[in-house]
Amino acid sequence: MTTLTEAPPSGRLRAAWTAAHAPVDGVPRWARIAAYTIPFTVLPSSVWRIAAVTFHLPIARGEQGPGEIPSWLPVELYVVVLSVFSELVAFTAVGLISRWGEVFPRWIPGLRGRRVPALAAVVPAAAGAVALTCMWTLAAVIVTLGLDVHGRPLPADFPLNVHDWQGLLAVAAYAPLLLWGPLLGAVTVAYWRRRHRA
């Protein structure tokens, strides 16, 4: 039975979530917006992949094959795992503006409550920003030139194209990924400046 002074479990969970992910003092508004935007740059491609490959919706041209994944791994499962993993990695950018990016959470044994060394967050975030910027920019240039990652001409039924609505939908789903690296880089610089001043 719930009393008036006792919050329901969903209320406590929501309050804990809000407290953990709320921006800390000194975070510029633009950095907050950028950090919260990063997971949404990944979401369209994740949804498109799951819809096209896992649920086989007719939103992609051609047959979506397994590519270069092991034959023992179902492509449908691989796409779901890849999409969830991508979203989780993108969400770590929120740590650069939140308390859990400055103080280790209570659930980490041995580190709980200790201050996160600034370089422990800045180095992986900066490396990720550079890698993501290079990777997605290179992918966009290569596809624009009509080549695959191995330098071979793209097949006629390549999903990303501007020839039909399905190709335009795929381009629209993957285009936001070009922002992931630069946004992460900007939020990382803001994190470094704030922590360095402190």
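Residues numbered from 1 in each chain as written. Predicted model: local features only at pLDDT ≥ 70, side-chain atom pairs only at ≥ 80, totals over all residues. Heavy atoms only, no water.

Caption draft 1: Representation of the overall build of the protein in the model. When helices and strands are tallied, the protein shows 6 helices and 0 strands. Reading the secondary structure of the protein in the N-to-C direction produces α-α-α-α-α-α. For the protein, the spread of C-alpha atoms along the principal axes amounts to about 60 × 50 × 30 Å. Looking at the protein as a whole, 35% of its 198 residues qualify as buried. Long-range pairs, those at least 24 residues apart, make up 69% of the contacts in the protein between residues at least 6 apart in sequence. When the accessible surface of the protein is split by element, carbon and sulfur atoms take 71% of a total near 12400 Å². Here the protein contributes 16 positively and 10 negatively charged side chains, and the mean placements of these two sets differ by 19 Å. (Helix = DSSP H or I, 4+ residues; strand = E, 2+ residues; numbered from the N terminus. Buried < 20%, exposed > 50% of the residue type's maximum accessible area, 1.4 Å probe, protein only. Contact = heavy atoms within 4.5 Å. Areas by Shrake-Rupley, 256 points an atom, 1.4 Å probe, with all protein chains shown as cover. Lys, Arg positive; Asp, Glu negative; His and termini not counted. Charge placed at Lys NZ, Arg CZ, Asp CG, Glu CD.)

Caption draft 2: Focus on the pattern of salt bridges. All told, the structure shown has 2 salt bridges when counted by the stated rule. With a shortest N-O distance of 2.7 Å, Arg194 and Glu102 are connected by a salt bridge. Of this pair, Arg194 sits in helix H6 (residues 177-197) while Glu102 sits in the loop between helix H3 (75-91) and helix H4 (118-144); the two residues are 92 residues apart in sequence, bridging distant segments of the chain. Glu102 carries the same exposure label as Arg194, and that label is buried. (Salt bridge = Lys/Arg side-chain N within 4 Å of Asp/Glu carboxyl O.)

Caption draft 3: Representation of the nonpolar core in the model. One finds Ile38, Trp48, Leu96, Trp180, Leu184 and Val187 to be the most contacted residues of the largest nonpolar core, which totals 37 residues. Among the secondary structure elements, those contributing two or more residues to this core are helix H2 (29-54), H3, H4, helix H5 (165-174) and H6. Examining the composition of this core, we find that 9 residues originate from one element, H2, more than from any other. Excluding its chain neighbours within four sequence positions, the residues that come into contact with Trp180 are Ile38, Thr41, Val42, Ser86, Val89, Ala90, Leu132 and Trp136. (Core = buried A, V, L, I, M, F, W, Y, C linked by side-chain atoms within 4.5 Å.)

Caption draft 4: Up close: the packing of aromatic side chains. Within this structure, the stated rule accounts for 2 aromatic pairs. On the numbers, 5.7 Å between centres and 75 degrees between planes, the contact of Trp48 with Tyr174 is edge-to-face. Taken as a pair, Trp48 in helix H2 and Tyr174 in helix H5 lie far apart in primary sequence, 126 residues in all. Judged by relative accessible area, Trp48 falls into the buried class, the value being 7%. When its relative accessible area of 17% is taken as the criterion, Tyr174 is described as buried. (Phe/Tyr/Trp six-rings, centres within 6.5 Å; stacked < 30°, edge-to-face > 60°.)

Caption draft 5: Quick look at the side chain of Ser86. Within the secondary structure, Ser86 is located in helix H3. What Ser86 contacts, discounting residues up to four positions off in sequence, is Val42, Arg49 and Trp180.

Just distances and angles here, no functional claims.
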